[in-house]
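Summary of structural features
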Amino acid sequence: MNDDKNDDKDLICALVSKHIRINFGETVFKTVYRKKLYDNMNKLQPGKPDDKDFNKIAYNVSNDKRMKIKTGKFIGKKLDIHSFSTAQLEELSSIINLKLFPESLGPKILRGVAITTAYENSVGSRSCMTGECAEYTRLYEMNPDRIGLFVMTAGNYSARAVLWTLDNGRTLLDRVYCNNEVIRELMKQHAIKENWLYKHSFNVLDSDNNCEYPKSKLVVSGLEYTDGCIPYMDTLTHGTENNGKLDVGYFDGSLLDSQEGLLFCGNECYHCGEAFPEEEINMICDSLVCETCESELYFYCGNCCESYSLDDSHFIESEQSYVCDTCFEDYTFCDDCEEYYSNSNVSLITVDGVDKDVCDSCIDNFQECECGQYQEFLNEVDNGDKHVCDSCLSDYHSCDSCCEYFSTLNTINDDELCCDCGVEVMQNA
Ligand SMILES: [Zn+2]
Ligand SMILES: [Zn+2]
Ligand SMILES: [Zn+2]
Ligand SMILES: [Zn+2]
Ligand SMILES: [Zn+2]
């Protein structure tokens with residue numbers, strides 16, 4: 001038995017007894033487990049397999065041979081400890097595995113093209129940016145002095161997190177992607193040791209370890225970038241373009257949430273190009289429009305209750321409101337006062353032989369002849385008994401004396417005279 005194997009045995013023994021104490025208490029450990037554990041350890045002489053098979057433990061069998069078994073099964077079947085819950089057993093197994101293969105832990109900070117390769121290989125678990133989508137993470141590769149990828153691997157277990165160098169020099173460990181919670185914890189411990197800022201959970205930036213860290217300081221500016229190579233951002237979620245470089249941070253700006261590597265996507269305003277959360281952007285006329293652009297470029301048609309481009313607006317002076325193209329068809333231009341009115345308040349009339357649309361108030365400026373024609377002033381006939389238009393006037397006759405028009409005249413001494421003028425001539429005769 002060489003020293004290595006003894007070290008492994010002591011390590012496993014220490015970890016198992018520690019976890020029994022943590023989970024079931026010192027008394028239980030002493031009275032129930034301690035002797036059994038030490039006896040089994042001596043008998044089995046557990047250690048890592050000679051072929052360095054991760055996640056397994058090698059142990060002695062009776063005929064001087066060694067066999068290997070999965071770590072969890074070793075604890076249950078070989079050490080005869082069955083009190084751990086599945087989760088407790090999984091955690092203990094992970095820790096034993098990681099400690100047995102410390103060389104595979106190797107916290108490493110990848111930079112440049114190595115980051116893209118890590119994403120291609122889904123180091124730290126698959127996500128929307130791994131595999132074929134690694135192409136979209138080249139922003140990381142393009143900025144080796146500002147962006148690294150912090151990785152830990154152990155056998156099939158791995159974790160990754162983007163490591164940012166902020167403008168103020170601090171280092172931020174972004175969201176940890178992993179396929180094993182123990183590795184996540186180790187990543188966090190490493191961040192604490194290095195005095196990095198880190199994310200406490202998936203969503204919030206941890207503040208309890210690093211004091212209050214103002215979001216305004218979470219800025220990485222002046223990044224080289226190519227549109228199409230902008231990854232989905234977990235923490236520095238917003239970006240702005242600045243003199244051909246990209247600034248990312250936790251400020252207002254375009255949301256960097258594209259899963260196709262695009263700088264601007266998702267809820268991007270059709271007009272100003274900025275990205276907005278869903279509740280601050282509306283679909284208008286088949287385009288996404290932010291609230292500011294909406295107030296500047298659109299109007300609300302009170303008739304049909306929809307918003308439209310101001311280009312399609314019509315101001316109705318008589319109602320002091322805008323209506324859309326479609327609703328505008330319900331309005332007619334008054335040829336007299338030259339304003340628009342609702343169709344129901346406009347009449348088509350013929351004035352002096354010409355068709356005219358006139359509104360309800362302008363129609364009072366005209367007089368209607370019995371023939372249906374309108375005229376501004378009709379002609380008085382038959383001593384004011386009737387008023388007729390110019391064309392109907394041809395049906396009347398002009399008195400040779402008073403020049404007024406009448407339906408009938410009397411011929412007296414070769415003159416065509418109205419009644420009154422006729423009486424006057426007779427009396428004077
Ligand atoms: Zn806008
Ligand atoms: Zn309308
Ligand atoms: Zn009018
Ligand atoms: Zn007439
Ligand atoms: Zn007369």
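Residues numbered from 1 in each chain as written. Chains lettered and ligands numbered in written order. Predicted model: local features only at pLDDT ≥ 70, side-chain atom pairs only at ≥ 80, totals over all residues.

With respect to the overall build of the protein
Looking only at helices and strands, the protein features eleven helices and 30 strands. Over its C-alpha atoms the protein spans a radius of gyration of 47 Å, topping by over 25% the 22 Å that the globule rule assigns to 429 residues. Split into buried and exposed, the 429 residues of the protein put 30% on the buried side. Long-range pairs, those at least 24 residues apart, make up 37% of the contacts in the protein with a sequence separation of at least 6. (Helix = DSSP H or I, 4+ residues; strand = E, 2+ residues; numbered from the N terminus. Rg over C-alpha atoms; globule rule 2.2 N^0.38 Å. Buried ≥ 20, exposed ≤ 12 C-beta atoms within 10 Å, placed from the backbone. Contact = placed C-beta atoms within 7 Å.)

As for unusual backbone geometry
Phi at D382 takes a positive value of approximately 50°, unusual for a residue other than glycine. Mapped onto the secondary structure, D382 falls in the loop between β25 (379–381) and β26 (386–388). Exposure remark for D382: the 16 C-beta atoms within 10 Å place this residue in the partly exposed category. Non-glycine residue D414 carries a positive phi angle of around 70°. Along the chain, D414 turns up in the loop between β29 (410–412) and β30 (415–417). Under the C-beta neighbour-count criterion, D414 is labelled exposed, with 6 such atoms within 10 Å.

Re helix α8 (residues 181–194)
In a regular helix each residue adds 1.5 Å, so 14 residues correspond to 20 Å; α8 covers 20 Å between its end C-alpha atoms and thus fits that length. In this structure, the buried residues of α8 make contact with α4 (86–100), β4 (147–154), β5 (157–165), β6 (171–173), β7 (177–178) and β8 (197–198). Once α8 ends, the next one or two residues include N195, with phi positive near 60°. (Expected span 1.5 Å × (residues − 1).)

Description of the environment of I412
Tracing the chain through its elements places I412 in strand β29. Sequence separation between I412 and H190 is 222 residues, and the spatial gap between their C-alpha atoms is 130 Å. The contacts of I412, once residues within four sequence positions are left out, are L417, G422 and V425.

Looking at the pairing of strand β15 (residues 298–301)
Regular strands place their side chains on alternate faces of the sheet. Here β15 runs beside strand β16 (residues 306–309); their pairing, made up of four bridges, is antiparallel. Following the sheet pairing, Y298 is matched in β16 by S309. Hairpin connection of β15 to β16: four residues between the antiparallel strands, including C305 at a positive phi of 60°. (Pairing = 2+ DSSP bridges.)

Quick notes on the sheet that holds strand β9 (residues 219–223)
Here four strands make up an open sheet; going across it, the order is β9-β11-β10-β12 and the pairing antiparallel. Here the strands that pair on one side only, and so sit at the sheet edges, are β9 and β12 (254–255). Alignment of β9 against strand β11 (residues 245–249), held across three bridges, turns out to be antiparallel. Opposite V219, over in β11, you have G249 as the bridge partner.

Let's talk about the pairing of strand β13 (residues 281–284)
Pairing of β13 with strand β14 (residues 287–290) involves four bridges; the strand directions are antiparallel. Along β14, the bridge assignment pairs N282 with V289. Between β13 and β14, which follow one another and run antiparallel, lie two residues, and C285 among them has a positive phi close to 50°.

Topic: the nonpolar core
A general feature of soluble globular proteins is that nonpolar side chains tend to end up buried together. Judged by nonpolar contacts, the single largest core of 44 residues is most densely connected at L149, V151, A159, A161, L173, I183 and M187. Ignoring anything within four residues of it in the chain, the contact list for M187 reads F150, M152, A159, A161 and V176. Membership of the second largest hydrophobic core comes to 16 residues, among which are A58, I75, I81 and I96. (Core = buried A, V, L, I, M, F, W, Y, C linked by C-beta atoms within 7 Å.)

Some points on helix α2 (residues 26–44)
An α-helix turns once every 3.6 residues. As a result, residues three or four positions apart point the same way. At Y33, α2 shows its largest kink, close to 60°. Restricting attention to buried positions, one finds in α2 the residues Y33, N40 and L44. Of the residues one or two after α2, Q45 is the one with positive phi, at around 45°. (Bend = angle between axes of the 7 residues up to and from the residue.)

Examining the packing of helix α3 (residues 71–78) against α4
As a packed pair, α3 and α4 sit with axes 8 Å apart at the nearest point and diverge in direction by 115°. α4 is crossed by α3, and the crossing has right-handed handedness. The segment α3 lies against α4, with T71, G72 and I75 engaging L89, E90, L92, S93, I96 and N97. (Axes fitted to C-alpha atoms, helices over the stretch in contact; angles between N-to-C directions. Left-handed = near helix turned anticlockwise from the far one by under 90°.)

Here we look at the environment of V61
Within the fold, V61 resides in the loop between β1 (56–60) and β2 (66–70). Spatially, the C-alpha atom of V61 lies 38 Å from that of S122, the residues being 61 residues apart in sequence. Discounting chain neighbours no more than four positions away, the residues touching V61 are R66 and M67.

What about the environment of D360?
Take D360: it is sitting in the loop between β22 (354–359) and β23 (367–368). Take D360: there are 13 C-beta atoms within 10 Å of it, and that puts it in the partly exposed class. Separated by 188 residues in sequence, D360 and L172 have C-alpha atoms that sit 73 Å apart.

Observations regarding the confidence of the model for the protein
Looking at the protein as a whole, its pLDDT mean stands at 86, while 93% of the residues score no less than 70. Considering each helix and strand of the protein separately, the mean pLDDT is smallest for helix α5 (residues 102–105), with a value of 59, and largest for strand β28 (residues 405–406), with 96. When the criterion is pLDDT under 50, residues 202–212 qualifies, and its contacts beyond four places in sequence or with other chains add up to eleven contacts. (pLDDT = per-residue confidence, 0-100.)

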